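Observations on the model geometry
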Amino acid sequence: MNEITVATPESNNSGMMAVNFDLQSVEGKKRMFNGLNTPESLDKAGVEVLELEGICVTAEDELDAATGEVTTVLKTTFFTTDGHNYFSKSFGIGRSAIALVKACDGKIPEGCKVEVFETALDGKRTMKQLRWV
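Rules behind the numbers
- Residues numbered from 1 in each chain as written.
- Predicted model: local features only at pLDDT ≥ 70, side-chain atom pairs only at ≥ 80, totals over all residues.
- Heavy atoms only, no water.
- Helix = DSSP H or I, 4+ residues; strand = E, 2+ residues; numbered from the N terminus.
- Buried < 20%, exposed > 50% of the residue type's maximum accessible area, 1.4 Å probe, protein only.
- Contact = heavy atoms within 4.5 Å.
- Areas by Shrake-Rupley, 256 points an atom, 1.4 Å probe, with all protein chains shown as cover.
- Expected span 1.5 Å × (residues − 1).
- Polar contact = N/O pair within 3.5 Å; in protein donor to acceptor, adjacent residues only side chain to side chain.
- Phe/Tyr/Trp six-rings, centres within 6.5 Å; stacked < 30°, edge-to-face > 60°.
- Lys NZ or Arg CZ within 6 Å of the ring centre and 35° of its normal.

A few words now on the overall build of the protein. Helix and strand counts for the protein stand at three helices and eight strands. Going from the N terminus to the C terminus, the protein shows its helices and strands as β-β-α-β-α-β-β-β-α-β-β. Out of the 133 residues in the protein, the part that is buried amounts to 38%. Residue pairs at least 24 apart in sequence account for 51% of intrachain contacts in the protein once pairs closer than 6 positions are excluded. Roughly 8,000 Å² of accessible area belongs to the protein as shown, and the carbon and sulfur atoms make up 49% of that amount.

Next up on the list: helix H3 (residues 91-103). In this model, H3 (13 residues) spans 18 Å end to end at C-alpha, consistent with the 18 Å of a helix rising 1.5 Å per residue. Of all the residues in H3, the buried ones are Gly92, Ile93, Gly94, Ser96, Ala97, Leu100 and Val101. Looking at where H3 begins, the residue whose side-chain oxygen comes 3.3 Å from the main-chain nitrogen of Gly92 is Ser90.

Okay, the environment of Leu130 next. Mapping Leu130 onto the fold places it in strand E8 (residues 126-132). The residues contacting Leu130, other than those within four sequence positions of it, are Phe78, Ile93, Ser96, Ala97, Val114, Glu115, Val116 and Phe117.

This next bit is on the side chain of Ser41. For Ser41, the position within the fold is in strand E3 (residues 40-41). Polar side-chain contacts of Ser41 include one of 3.4 Å to the backbone nitrogen of Asp43.

Under the definition given, this model contains one aromatic pair. Measuring from centroid to centroid gives 5.5 Å for Phe21 and Phe79, while their planes differ by 65°, and the two rings are edge-to-face. Placement of Phe21 in the loop between strand E2 (15-19) and helix H1 (26-37) and of Phe79 in strand E5 (residues 70-80) is noted, with a sequence separation of 58 residues between them. Stacked on the ring of Phe87, the Lys or Arg Lys75 has its end atom at 5.8 Å from the ring centre. Directly above the aromatic system of Phe117 lies the positively charged group of Arg131, at a separation of 3.9 Å from the ring centroid.

In this section: the side chain of Asn20. Structurally, Asn20 is set in the loop between E2 and H1. Polar contacts involving the side chain of Asn20 include one to the main-chain carbonyl oxygen of Ile108, which spans 3.1 Å.

Function-wise, these values are silent; they only describe arrangement.
Here it is in structure tokens:
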């Protein structure tokens, strides 16, 4: 297993990353680049359990199409052991991913699996979250 890297953006504390692959090697850099630039939608993929090789969470400003307001969203990218990359803009998933990295002291344990699930909220709303399984 490679050493795990944790980083936060230099400009502010708007994100975090923990990966189990070498970011100094060309293959590791390629894995990171492709993961961040061409991930598959977690919602559309319908994946319920992810075996993680890495997580990257960033806070990004977006224009809310419904209200016209600029809001900050958490964009979470998952790097899985089977070589797939998934993303989610769910606040609950982003918050869960940050909590997982913190709970593991900035390291993704080998064989770490998370389950995606929904929690019911008031007003018939739901929030997606992660459960470490």
